[in-house]
Amino acid sequence: MAFNDTISVAKKLLGALLIHESPEGRTVGRIVETEAYLSNDPGSHSFRGRTPRNEQMFGPPGKAYVYFIYGMYHCFNVVTAANGVGEAVLIRALEPVEGISLMKKRRKTEDVQNLCNGPSKLVMAMGITKEHNGHDLKKGCLRIKMIDTRLKIVTTTRIGIKEGAKLPYRFYVKDCEYVSKK
DNA sequence: AGAGCGATGGCCT
DNA sequence: GGCCATCGCTCTA
């Protein structure tokens, strides 16, 4: 698929499968909540230009941007837009599909609805690490399988940011029990 | 059910 | 030195 128009990609990623083959086992989740971060967007890491941290956002689309936050968590993004343009889609929630027992072990909870309903939760459940920063999501151990669906999509504002808080750049699957916040 | 808050460290000004 | 695209615990209802 083309990873050019970031808003479109954020919507098209809903329903897609995120797959990770790790030494511990295979986990698969269906993407149910995303947020778009654009280049002219004050809420985006890329807004003030290229830095060592946000470097991957400016790279070619279809790669992973994994960043460290709050001293203890990581978040996972799909890089979008042309090479040189700093845009990405934050994955905020997954519906667990495969490897649920491994997800429970990694997350230290038995509650299936609490495994992947947040950007750092799904990173933990899927076994994603900072080593995946810059990884090509079209091939290899961590990849995305696009699924053509006709899901009902809710469009709303993003979570946990100050700048650009009113922009309608968060998207989730309507009536889905696995999103982080409705 | 919802508000408040501490943990914890790299990055940016 | 202040700021985070968060989470899980505690406290109040």
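As a reminder, the structure under discussion sits directly above these lines.
So, here's what we can say about the structure. (Residues numbered from 1 in each chain as written. Chains lettered and ligands numbered in written order. Predicted model: local features only at pLDDT ≥ 70, side-chain atom pairs only at ≥ 80, totals over all residues. Heavy atoms only, no water.)

1. A closer look at the protein's contact with DNA strand C
Inference 1: Around DNA strand C sit 21 residues, and of these Tyr 67, Tyr 73, Asn 77, Arg 107 and Gly 160 come closest.
Inference 2: One nitrogen or oxygen atom from the side chain of Arg 92 is found 3.4 Å from a phosphate oxygen belonging to DNA strand C.
Inference 3: Measuring from a phosphate oxygen of DNA strand C, one finds a side-chain N or O atom of Arg 107 at 2.6 Å.
Inference 4: Looking at the surface near DNA strand C, the elements that each hand over two or more residues are strand 3 (64-69), strand 4 (73-79), strand 5 (88-98) and helix 3 (119-126).
Inference 5: Of the residues contributing to the surface near DNA strand C, the split by class is eleven nonpolar, six polar and four charged. (Near = heavy atom within 4 Å. Polar contact = N/O pair within 3.5 Å; in protein donor to acceptor, adjacent residues only side chain to side chain. Helix = DSSP H or I, 4+ residues; strand = E, 2+ residues; numbered from the N terminus. Nonpolar A, V, L, I, M, F, W, Y, C, P; charged D, E, K, R; others polar.)

2. Digging into the protein's contact with DNA strand B
Inference 1: Looking at DNA strand B, the residues that line it are Arg 48, Thr 51, Pro 52, Arg 53, Phe 68, Tyr 70, Gly 71 and Met 72.
Inference 2: Here a phosphate oxygen of DNA strand B sits 2.2 Å away from a polar atom, N or O, in the side chain of Thr 51.
Inference 3: Between DNA strand B and Tyr 70, the relevant distance is 2.4 Å, taken from a base oxygen to a main-chain nitrogen or oxygen of the residue.
Inference 4: For the surface near DNA strand B, the residue count by class is four nonpolar, two polar and two charged.

3. A look at unusual backbone geometry
Inference 1: You will see that Tyr 70, though not glycine, has its phi angle at about 55 degrees, which is positive.
Inference 2: Turning to its location among the elements, Tyr 70 is positioned in the loop between strand 3 and strand 4.
Inference 3: In this model, Lys 108 sits at a positive phi of 55 degrees, which is unusual for a non-glycine residue.
Inference 4: Tracing the sequence through the fold places Lys 108 in the loop between helix 2 (100-107) and helix 3.

4. Things to note about the pairing of strand 3
Inference 1: With five of its six residues buried, strand 3 lies for the most part within the structure.
Inference 2: Taken together, the six bridges between strand 3 and strand 4 define a ladder with antiparallel strand orientation. Looking at strand 4, one finds that Val 66 is bridged to Phe 76.
Inference 3: Hairpin connection of strand 3 to strand 4: three residues between the antiparallel strands, including Tyr 70 at a positive phi of 55 degrees. (Buried < 20%, exposed > 50% of the residue type's maximum accessible area, 1.4 Å probe, protein only. Pairing = 2+ DSSP bridges.)

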